[in-house]
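Structure assessment
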Amino acid sequence: MSFTILCSFVLTFYVVIWFFDSFFKSCMHYPYYAFLEGTGLKVGIFNFSWTTTAFNRFIYRWSKNLTRILRKWFNVGYIFTIGLFLPFALWTLLSFIFEHFNDSIQIDNVFEVKAMLPGVNIPASDFWVYFVAIACSSIFHELGHAVAASQEDVQLVAVGVYVFAIIPLAFVQLNTEHLNSLGITKRLKIYCAGVWHNVTLAFLALLLFFSAPILFSIAYQTDIGVRVTELTDDSPLKDARGLEIGDTVTSINDCHIKNAKDWSYCLHVAHDRFGICTSAEYIAQNDEIMMETIKENDVVECCRKNELYSFCFEYMEPKAVVDSVLPGQYSCLKPRDMVKNKLIKCTEPNGYTCPRNMHCLKPSLNNHTYLIIIERKDNNAVLYLGLPYDIHKTVYIDQYFPRTAIISFFSPSQFEKLLRYIFIFSLGIGFLNVLPCYGTDGHHIARSIIQWLAKYFNKNGDFITFFTVFTVVVGTCITFPILIYLFYKAIFIDNY
């Protein structure tokens, strides 16, 4: 499912909602409005929201029962947010600006910042994970505000969820008069609680992610390879001589694979050029070289044009064997037969060395084509000519093997995927909210810090107003254009 199809589904969904909303408002005016008011539902253009007071008493009682623990929790939270996370967010933002808009400046160790959209740079099939991860991150963020406010006896008016297009956002409504009557430190605890909860949730998700193989080890086996679970329709390996769903991949180009991390690493190093150690006897019996070789586009062709399964190989003289006598410069051989027993690679860093009575033969390929040998458990190896990126993009794998067929319907990989998205989106929501932009927590955090500085330097209200407006305007004018640029880049530049 592409981004265009996903947008079509979203558009259809909101058109249907708008139609029924307009119909009920015109034909069932009073009962429908009573229903909306009673349930807290509200329908708008490409958005809808739900507001309720059902959780107010529960949140207040729960926060009061854990007063001592939560008071220390939010004390640590606001110190961490202001002392560490706010400087980190500002440094990342400035580094991003310098890196993208000044080519002469190169900054290392900068976190990659980019927009993530289903069907664009993440699979559209992951939409449900995308939605749930954002919802969990947003709800946990607002829960921090609600509990911190209850700790300071600020009235919690209502809580709710607002969905704009495909993005769910939770929110809490607090009594503004109660909140503004608090001291600066108490207000900062409430404003920083959401960001603090996002950072905590992100690292909790990260901890669970790395612990997943241990947690699921009773029911699932790991470190025995990766299992092919899906091939996209445009996958170059989806044919009679390619991969099949259920195949267990054990190595790529002699790079051994035990888990999903090894799979990614082996595809990365598959860009390294290599030769295949082949016995002189095999070459003498199977060489099908033409009398004349042809060089086209810097690629030597020494096989017949109608030969589909043979490659032209170039001899790479092993440096360790000085007295080697090569039968010719090129040979036409079938690579599948060459690796039928065992793949023995010879690479340039190793000096193209091979065992005695064997020659190093390197496939004659252009700079944009790689020979990738995928070895499978209990099956023949798959040979692929192309880019490793195409395999990474079109082949979906799973590192978990169920011990019994009863649990084969569920894979911990889905749980790991959810944890990855929660980590990314929770940190992203915290990052955006700590920046001093209009309408974010950073707006109120910046104002409170400026009020604290004004009190410390004995300044009047004009000082607070000027620097608050200045900080928020600058933060908004920097952050929002960058967000627009990131979404534009994800849709129109990186996707092509």
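Numbering of residues begins from 1 in every chain and follows the order in which that chain's sequence is written. Note on the predicted model: pLDDT of at least 70 is required for a residue's local features to be given, and 80 or more for side-chain atom pairs to be given and counted; whole-chain, interface and lining totals, by contrast, use all residues. Where side-chain values are given, they derive from all heavy atoms of the structure, hydrogens and water being excluded.

**Let's talk about the pattern of salt bridges**
Stated precisely, the cut-off is as follows: The term salt bridge refers to a pairing of a side-chain nitrogen on Lys or Arg with a carboxyl oxygen on Asp or Glu at a separation within 4 Å. Helix and strand definitions here come from DSSP, where helices need a minimum of 4 consecutive H or I residues and strands a minimum of 2 consecutive E residues; each element is numbered from the N-terminal end. Whether a residue is buried, partly exposed or exposed follows from its accessible area with a 1.4 Å probe, protein chains only, as a fraction of its type maximum: under 20%, in between, or over 50%, in that order.
What the rule picks out here adds up to ten salt bridges. For the salt bridge of lysine 64 with aspartate 153, the shortest nitrogen-to-oxygen distance reads 2.9 Å. Of this pair, lysine 64 sits in helix 3 (residues 56–65) while aspartate 153 sits in the loop between helix 5 (127–151) and strand 3 (156–164), and the two are 89 residues apart along the sequence. A relative accessible area of 48% places aspartate 153 in the partly exposed class. Lysine 334 is paired through a salt bridge with glutamate 288; the nearest N and O atoms lie 3.2 Å apart. Here the residue lysine 334 occupies a position in the loop between strand 13 (330–333) and helix 10 (335–338), and glutamate 288 occupies one in the loop between helix 9 (280–286) and strand 10 (294–296), the gap between them amounting to 46 residues. For lysine 334, a relative accessible area of 27% puts it in the partly exposed group. A residue is classified by how much of its surface remains accessible, and glutamate 288, at 26% relative accessible area, is partly exposed. Salt bridges linked by common partners bring Arg71, Glu152 and Lys186 together as one network.

**So, the environment of alanine 280**
Rules: Throughout, a residue-residue contact means that at least one pair of heavy atoms, one from each residue, lies within 4.5 Å.
Relative to the elements of secondary structure, alanine 280 occurs in helix 9. Each C-alpha atom, one on alanine 280 and one on asparagine 357, is 6.1 Å from the other, the two residues being 77 residues apart in sequence. Each residue touching alanine 280, except ones within four places of it in the same chain, is listed here: Asn357 and His359.

**What to know about the sheet that holds strand 1 (residues 41–44)**
Which entries qualify depends on this criterion: Pairing between two strands requires that DSSP report at least two bridges joining them. Note on definitions: angles span 0 to 180 degrees between N-to-C directions of axes, and those axes are lines fitted to C-alpha atoms, for helices only across the stretch in contact.
What the four strands build is an open sheet, ordered 1-2-3-4; its pairing is antiparallel. Each having just a single partner strand, strand 1 and strand 4 (167–174) make up the two edges of the open sheet. Strand-to-strand twist in this sheet, taken as the mean axis angle between neighbours without regard to direction, amounts to 20°. Note that strand 3 and strand 4 share eight bridges and pair antiparallel. Opposite leucine 156, over in strand 4, you have leucine 174 as the bridge partner. Docked against the sheet, helix 5 engages strand 3 and strand 4, running at close to 10° with respect to strand 4.

**Concerning the state of the cysteines**
Operational definition: The disulfide criterion is simple: two cysteine sulfur atoms within 2.5 Å.
Applying the stated rule across the entire model yields five disulfides. Disulfide partner of cysteine 255: cysteine 266, at an S-S distance of 2.1 Å. Linking cysteine 255 and cysteine 266, the disulfide has an S-S dihedral of approximately -70° and is accordingly described as left-handed. A residue pair is termed long-range when its members are at least 10 positions apart, and cysteine 255 in strand 8 (residues 255–256) and cysteine 266 in helix 8 (residues 260–269) qualify at eleven residues. Covalently, cysteine 277 is tied to cysteine 354 through a disulfide, its sulfur atoms 2.0 Å apart. Residues cysteine 277 and cysteine 354 share a disulfide whose torsion about the S-S bond is about -85°; that sign makes it left-handed.

**A word on the packing of helix 3 against helix 5**
The line we're drawing: In this scheme the handedness of a crossing depends on how the near helix is turned from the far one: anticlockwise by less than a right angle means left-handed, clockwise means right-handed. Polar here means any residue other than Ala, Val, Leu, Ile, Met, Phe, Trp, Tyr, Cys and Pro, which are nonpolar, and Asp, Glu, Lys and Arg, which are charged; Gly is therefore polar.
It is the contact of helix 3 with helix 5, at a shortest axis distance of 9 Å, that shows an interaxial angle of 65°. Considering the relative orientation of helix 3 and helix 5, their crossing is right-handed. On helix 5, the residues that touch Ile59, Tyr60, Trp62, Ser63 and Lys64 of helix 3 are Ala146, Val147, Ser150 and Gln151. Looking at the contact of helix 3 with helix 5, its residues break down into five nonpolar, three polar and one charged.

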